[in-house]
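Each chain is listed here by its residues.
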Amino acid sequence: MTMRWRSLLAAGVLAFGLAGCAGVYKGPGTSSSGRLDDTPRLAVISAFQPELTLLLNRLQGPAKHSINGVEFTTGTLEGKPVVLFLSGISMTNATMNTQLVLDRFRVTHIVFSGIAGGVNPQLHVGDVTVPAQWGQYLEVLMARETAPGKFTAPPFITDATLPNFGMMHPRPVEVRSAAHPQIVRKFWFEADPKMLEVARSIRTVDLANCSAGKCLARKPQLVVGGNGVSGQAFMDNKAYREYTFKTFQANVLDMETAAVGMVAYSNGVPYIAFRSLSDLAGGGEGENEMGTFMGIAADNSAKVMLAFLAAWK
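Residues numbered from 1 in each chain as written. Predicted model: local features only at pLDDT ≥ 70, side-chain atom pairs only at ≥ 80, totals over all residues. Heavy atoms only, no water.

A. Just the overall build of the chain, in detail. Broken down by element type, the chain carries seven helices and 20 strands. The buried share of the chain, reckoned over its 313 residues, is 48%. Taking the intrachain contacts of the chain between residues at least 6 apart in sequence as the baseline, contacts between residues at least 24 apart amount to 75%. Only carbon and sulfur atoms are counted for the fraction: they give 56% of the accessible area of the chain, which is about 15,400 Å². (Helix = DSSP H or I, 4+ residues; strand = E, 2+ residues; numbered from the N terminus. Buried < 20%, exposed > 50% of the residue type's maximum accessible area, 1.4 Å probe, protein only. Contact = heavy atoms within 4.5 Å. Areas by Shrake-Rupley, 256 points an atom, 1.4 Å probe, with all protein chains shown as cover.)

See below:
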C-alpha cells in the first residue's frame, strides 16, 4: 500500500470515529443514552430564582446536576419524583432549556410555576391562573403602511388573519413533531386535559394577600381555564393590554410558557402552567406593581403547584 493510500485510510478512520462521537455528552453519571438518570420525573420549571425558592425549600433528597451552566436539582416534591430548574427569562431560554431537560432526564410531564402580567380585567394581582392553552402573541408580521394609518400584509402571507395592532399582525408558528412530522402552522398549544382536571379539583390552598407589610385589597383566587399568551417582551402598556385581551381573550401574559408548550407538543410530553399575577401589564394605576407584589405572586403560584403535585396520581 502506498503512503498516499495509507494516509487516506487513516484520515477516513479518524473522521468516522469523530462522527460517531459528535454531540455526545459524557460527563460523570451520564448514561449511554445521554441521560443523567433514568427515574421517571416531572420537570418543574420556573423562569427566575424568586419563583423557585419556595419549591427548592420543600424539595426532599436534593441532588444537583449542571449542564451548559444550567443547574438541575432532582428529588421529590409531595412524594413525586421531580427535576427542578430555571428556564431563564424569555422565549429562547425557555425553549432551549426545556428541550435540554427532556434530552437529559426521563421527563413524563412538564409543570411551570411562576408570575405573570394580568390581562383579563376581571382578574387581580395575586390571583393564580391555570390556562387551558397558550399562544405566542408576539409572533408577528411587521406590515408596511400602505395608506396613512393602514398597514397591509403582503399577498403571499395568508396566515395573518387575527386583528392587528398598528403594523403588528399576529401569526401562528411553524411546528412539527414525531407524531406529526409535516410542518403545520399552529397558534394555540393546549395544556394536558388530565392535568387540567386535577388542577380544577384543587380547593383548599390558602393564597396569601400580604407580604413584608404590603397587602392586596382582596383575597386572591384560583382560576383554571381560559387562555394565556407569551412573548419576548416585558409588557407594561395599557393600550396593548386591552388589545391582547380583546384579540386573544387572554387571562394572562408572560415571557416563557407558550415556548414551553411548543417544545412539549413537539416532544409529545404533557404540560401545564401555574401563573400568579404580579402586575396588570400596564393596566393598573400608577407604576408597574411587579416590584411590590412579586413575592406574593411567586409564592401563591408555588403553593397551588404543590397542591397539584399532592393531588397528582
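B. Structural view of the confidence of the model for the chain. The predicted model of the chain averages 90 in pLDDT, with 89% of residues at 70 or higher. Low pLDDT (under 50) marks residues 1–32, which in the prediction has 13 contacts with non-local residues, meaning those over four places away or in another chain. (pLDDT = per-residue confidence, 0-100.)

C. Representation of the packing of aromatic side chains. The tally for this structure, following the rule as stated, stands at 13 aromatic pairs. When the centroid spacing of 5.3 Å and the interplanar angle of 55° are considered together, the rings of F274 and F308 count as tilted. You can see F274 sitting in strand 20 (residues 271–279) and its partner F308 sitting in helix 7 (residues 290–311), a full 34 residues away along the chain. Take F274: its relative accessible area is 0%, and that puts it in the buried class. Among the residues examined, F308 registers a relative accessible area of 0% and is labelled buried. (Phe/Tyr/Trp six-rings, centres within 6.5 Å; stacked < 30°, edge-to-face > 60°.)

D. Main features of the state of the cysteines. Summed over the entire model, instances satisfying the criterion amount to one disulfide. Here C210 connects covalently by a disulfide to C215, the sulfurs 1.9 Å from one another. Taking the torsion about the sulfur-sulfur bond, which here is approximately 115°, the covalent link between C210 and C215 counts as right-handed. Judged by relative accessible area, C210 falls into the partly exposed class, the value being 39%. (Disulfide = S-S within 2.5 Å.)

E. Just the packing of helix 3 (residues 91–104) against helix 6 (residues 257–267), in detail. It is the contact of helix 3 with helix 6, at a shortest axis distance of 8 Å, that shows an interaxial angle of 35°. As for how helix 3 packs across helix 6, the hand of that crossing is right-handed. Facing M91, A94, T95, T98, Q99 and L102 of helix 3, the residues of helix 6 in contact are A258, A259, V260, V263 and N267. Residue composition of the contact of helix 3 with helix 6, by class: seven nonpolar, four polar and no charged. (Axes fitted to C-alpha atoms, helices over the stretch in contact; angles between N-to-C directions. Left-handed = near helix turned anticlockwise from the far one by under 90°. Nonpolar A, V, L, I, M, F, W, Y, C, P; charged D, E, K, R; others polar.)

F. Representation of the layout of surface pockets in the model. Quantified by volume, the largest pocket comes out at close to 230 Å³. Lining the largest pocket are 18 residues, with I115, F234, D254, M255 and M290 positioned closest to its centre. Looking at the lining of the largest pocket, the elements that each hand over two or more residues are strand 5 (107–118), strand 19 (250–254) and strand 20. Here the lining of the largest pocket is built from residues that sort into 11 nonpolar, two polar and five charged. (1 Å grid on protein atoms, 1.4 Å probe; cavity = no way out; pocket = protein on both sides within 12 Å on 5 of 7 lines; lining within 4 Å. Points joined across faces, edges and corners; volume = space filled by probe spheres on them.)

G. Looking closely at the nonpolar core. In this structure, F72, V101, F105, V107 and I110 are the most contacted members of the largest nonpolar core, which totals 39 residues. Beyond its immediate sequence surroundings of up to four residues, V101 is in contact with A43, F72, V83, F85 and V107. Counting residues in each nonpolar core, the second largest holds 28 residues, with V44, L52, A302 and L309 among its members. (Core = buried A, V, L, I, M, F, W, Y, C linked by side-chain atoms within 4.5 Å.)

H. Representation of the pattern of salt bridges within the structure. Counted by the stated rule, this structure contains 12 salt bridges. One salt bridge in this structure joins D159 and R171, with 2.8 Å as the shortest N-O distance. Highlighted residues: D159 in the loop between strand 10 (150–152) and strand 11 (168–170) and R171 in the loop between strand 11 and strand 12 (173–175), separated in sequence by 12 residues. Both residues of the pair, D159 and R171, belong to the buried class. D159 is the salt-bridge partner of R185, the closest N and O atoms lying 3.0 Å from each other. Of this pair, R185 sits in strand 13 (residues 184–186) while D159 sits in the loop between strand 10 and strand 11, and the two are 26 residues apart along the sequence. With a relative accessible area of 42%, R185 lands in the partly exposed category. (Salt bridge = Lys/Arg side-chain N within 4 Å of Asp/Glu carboxyl O.)

I. Layout of the packing of helix 2 (residues 49–58) against helix 7. Put simply, helix 2 and helix 7 touch, their axes get as near as 8 Å, and they point 45° apart. Judged on the interaxial angle alone, helix 7 and helix 2 are oblique. Judged by the twist between their axes, the crossing of helix 2 over helix 7 is right-handed. Of the residues in helix 7, those touching helix 2 at P50, E51, L54, L55 and R58 are M294, A298, D299, A302, K303, M305 and L306. Partitioning the contact of helix 2 with helix 7 into residue classes produces eight nonpolar, no polar and four charged. (Parallel < 35°, antiparallel > 145°, perpendicular 65-115°, else oblique.)

J. Structural context of the side chain of N300. Positionally, N300 belongs in helix 7. Discounting chain neighbours no more than four positions away, the residues touching N300 are G126, V128, L207, A208, P220 and S276.

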